[in-house]
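# Report on the structure
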Amino acid sequence: MIVFEKLVIKNFLSIQEAELVLQKGITFVKGVNLDDSKSTSNAAGKTAIFDALYWVLYGETSKGKSADSIINKQSGRETSVGLYFSKLEDKYVVTRHRKHSIFGDDLRVELNGKDITVKGLRQSQDLLLKILGIQKNFFDSTIFLTQGFSSRFSLLSETERRLMFEKIRNVEIWDKAREIASTKAANLDKELIQSRAKISVYVNENIPSLEKDIERNRQQMQEYSVKLQELKPDYSQVENLNSTLTIELQKQQAITNKKQLINSEIELKKKALIDLDPQRKEVRKKYDSVLTIFQQSESELKYIPTGDCKICGKKTEEFYIDKINELKNRISGVRQQKEELSLQVKQQEDSYQEINSVVQSLYQKNSSIDYSLSQSLVLTEQVKSQLQEIDSVYERNKQLIIQKLEDSEKNISQTEEKILNLQNLVQELTTSSEKLNENYGVYKELDKVFSPKGIRSYIIAQDLETVNSSMQDYSEYFFSNAKARLVFKGETLESSKISIELEDSNEVTFDYTDCSGGQARRIDLLIQLSIRDLVFSISNLNANVLILDEIFDSLDNEGRLSVLNLIQTNYKDYCVYVISHIPDLPYE
């Protein structure tokens, strides 16, 4: 039970400041229009105080007002509503603000004096709903029965009335459960087909194939045993190979001796090259120096000006005659040195190239001898290999046959193990298939259970009986000799409809549409109160507050008294607030 204790309101709708301590019993809420004393109490703000309760819990009023539209117009800001309530042993304070100078547009939650507000308005709202356990649509149907609430059910079509019962039962969960069961059954059926297909493949294909492999390996073992008995060594080529080996070894010795002589001659020639190299480099160096002087002198001579002087008209060569003669003499002397050194360079290079050619020729002979030696060594190794091969071929063939025998025996053992594993797997799959089949049956049954023809139909029918039981009890307050009830029509839940009937003491039945306005109004009230009882019994929740807004419309004094008698009897432990503009009501 949630016990709402106190409501503290500031700058909310028409209320600037108010505090309401909720007390047991019936409290009548009347409005007075202070702006116009001749006006009725309509639009006097009677509902505002309870809309504050609605707003602090859900962030909007019963008519959907929210945001800045709930702020008192005179203040324009600093709106707050605080609600004090308890649940079991815990004490809560919930405060919602709008345009507040300190808390802004915040929602704060306290538990036993400790702030448990979470970050974010939406997260705080989720926390509050979790604590309450009452969604907004349940609050509408059970605690705050707003103006016009009582005729909501009767205004629905007969099909929509049945759908309303399904909505109360949160039938979407059943649909989801049926969808899950149907999907699970389909998946199990698919697994069952796959499992049976595997069993068929193992039994009819894999195991017979493996048994044939075992028989084939046993036949191979018999063939290998015969070959092992017939196997003998062969030494017919050994003599010829030994003769070839002796010849090649002698040939290799002769080649080695010749190679040593050539290497000695190469060393002598290389020494001659080394001795000649300094002389060759010195002559070359002198030649390069003389050539440089020669080229520089020619370049200087080339760039001496020629032609007539533009100032005096004389030949310009006359001004440089000494320089020209000096350069010509130098060129003449250097030319002779250059030619002599060029001849020496050529002689040195020719000698060097001649010796180097001899060395390269010796290297080529060496390469040829090396090739012959390598060929002989290769042949020697081949002969040795052939001799070794003859010795090992018998043992190798023998081991090969033995290995094949062992492989065949191993294959037989492994195949037998595979057959055993497959047989075990077949047994497991068979057991699993039986379990799958059992589960498949369970989920198929659940599919039927959650279908409109299953438990859903039964529960809705039970809910209807619960509502009719309450309606029968409440009818005693509204009718002296008649009882109202809901009638379930249709063979299946999906095609069913719910009508409203009134039966008099003579068992004559009247449809709701044939009732007078006063009768219809009373039926509307007892239906809504009966549905309220159903909702609380289903949700396993309750609260100490019942707010009834303008429930006396279209009722005469007798009808009003009946309603108040019902409330006084059945809700004596509740804080009941009756909002009405009708004066001089009973119990006032």
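Residues numbered from 1 in each chain as written. Predicted model: local features only at pLDDT ≥ 70, side-chain atom pairs only at ≥ 80, totals over all residues. Heavy atoms only, no water.

## Some points on the side chain of Asn72
Where we set the bar: Runs of H or I in DSSP of at least four residues are treated as helices and runs of E of at least two as strands, each being numbered from the N terminus. The contact criterion used is simple: two residues touch if any of their non-hydrogen atoms lie within 4.5 Å.
Position of Asn72 relative to the elements: it lies in the loop between α1 (48-58) and β4 (79-87). Contact partners of Asn72, with chain neighbours within four places excluded, come to Asn11, Phe12, Leu13, Ser14, Ile15, Gln16 and Thr79.

## Let's talk about the pairing of strand β10 (residues 497-504)
For the record, the criterion: Categorising residues by exposure relies on relative accessible area from a 1.4 Å probe, with only protein chains included: less than 20% of the type maximum marks a residue as buried, more than 50% marks it as exposed, and the intermediate range marks it as partly exposed. We call two strands paired when DSSP finds no fewer than two bridges between them.
For β10, the buried fraction is high: six of the eight residues fall into the buried class. When strand β9 (residues 482-489) meets β10, the two strands line up antiparallel, connected through eight bridges. Opposite Phe488, over in β10, you have Ile498 as the bridge partner. When β10 meets strand β11 (residues 509-511), the two strands line up antiparallel, connected through three bridges. Bridge pairing in β11 links Glu501 to Asp511. The antiparallel hairpin formed by β10 and β11 contains four residues in its connecting segment, where Glu507 sits at a positive phi of about 65°.

## Section: the sheet that holds strand β2 (residues 15-21)
The strands that make up a sheet are held in pairs by hydrogen bonds between backbone atoms, and each pair lies either parallel or antiparallel. So the rule is basically this: Axis definition: a line fit to C-alpha positions, over the contact stretch in the case of helices; interaxial angles, taken between N-to-C directions, run 0 to 180 degrees.
In spatial order, the strands read β2-β1-β4-β5-β6-β7; together these six strands make up an open sheet with antiparallel pairing. Strand pairing shows two members of the sheet lacking a second neighbour, β2 and β7 (114-115), which therefore form its edges. Alignment of strand β1 (residues 2-12) against β2, held across six bridges, turns out to be antiparallel. Directly across from Leu7, in β2, lies its bridge partner Leu20. Sitting on the sheet, α1 is in contact with β1, β2, β4, β5 (90-98) and β6 (107-111), with an inclination near 105° to β1. Packing against the sheet, helix α2 (residues 121-132) makes contact with β1, β4, β5 and β6, and its axis sits at approximately 40° to β6.

## What about the confidence of the model for the protein?
Convention followed: Per-residue confidence from the predictor is reported as pLDDT, a score between 0 and 100.
Looking at the protein as a whole, its pLDDT mean stands at 85, while 94% of the residues score no less than 70. For the stretch residues 39-44, pLDDT sits under 50, and the model shows 10 contacts to residues farther than four places along the chain or on other chains.

## What about the sheet that holds β9?
A sheet is described by the order of its strands in space; here three strands give the open sequence β9-β10-β11, paired in antiparallel fashion. Each end of this open sheet is capped by a strand with a single partner; those strands are β9 and β11. Strand-to-strand twist of the sheet, defined as the mean angle between neighbouring strand axes without regard to direction, takes the value 35°. Against the sheet, helix α5 (residues 158-168) contacts β9 and β10, and its axis sits at roughly 100° relative to β10. Across the sheet, helix α9 (residues 455-478) is in contact with β9 and β10; its angle to β9 comes to roughly 170°.

## Remarks on the environment of His97
One can find His97 in strand β5. Here the alpha-carbon distance between His97 and Ser408, two residues 311 residues apart in the chain, equals 87 Å.

## Remarks on the environment of Asn257
Looking at where Asn257 falls in the secondary structure, it is placed in helix α7 (residues 238-302). Placed 255 residues apart in sequence, Asn257 and Ile2 show a C-alpha to C-alpha distance of 119 Å.

## What about the packing of aromatic side chains?
The cut-off we apply is this: Aromatic contacts are taken between Phe, Tyr and Trp rings whose centres are within 6.5 Å, Trp giving its six-membered ring; a plane angle under 30 degrees counts as stacked, one over 60 as edge-to-face, and the others as tilted. Distance and angle both matter: a charge sits over a ring if NZ of Lys or CZ of Arg is within 6 Å of the ring centre and within 35 degrees of the ring normal.
Tallying each qualifying case throughout the model produces 10 aromatic pairs. When the ring of Phe4 is compared with that of Phe85, the centres are 5.9 Å apart and the planes differ by 55°; the resulting orientation is tilted. Highlighted residues: Phe4 in strand β1 and Phe85 in strand β4, separated in sequence by 81 residues. Grouping residues by exposure puts Phe4 and Phe85 together as buried. Members of the aromatic cluster, joined through ring pairs, are Tyr54, Tyr58, Phe139 and Phe144. Across the ring face of Tyr84, the terminal group of Lys6 is positioned such that the distance to the ring centre comes to 4.5 Å. Above the ring of Trp55, the side-chain terminus of Arg96 is found at 5.9 Å from the ring centroid.

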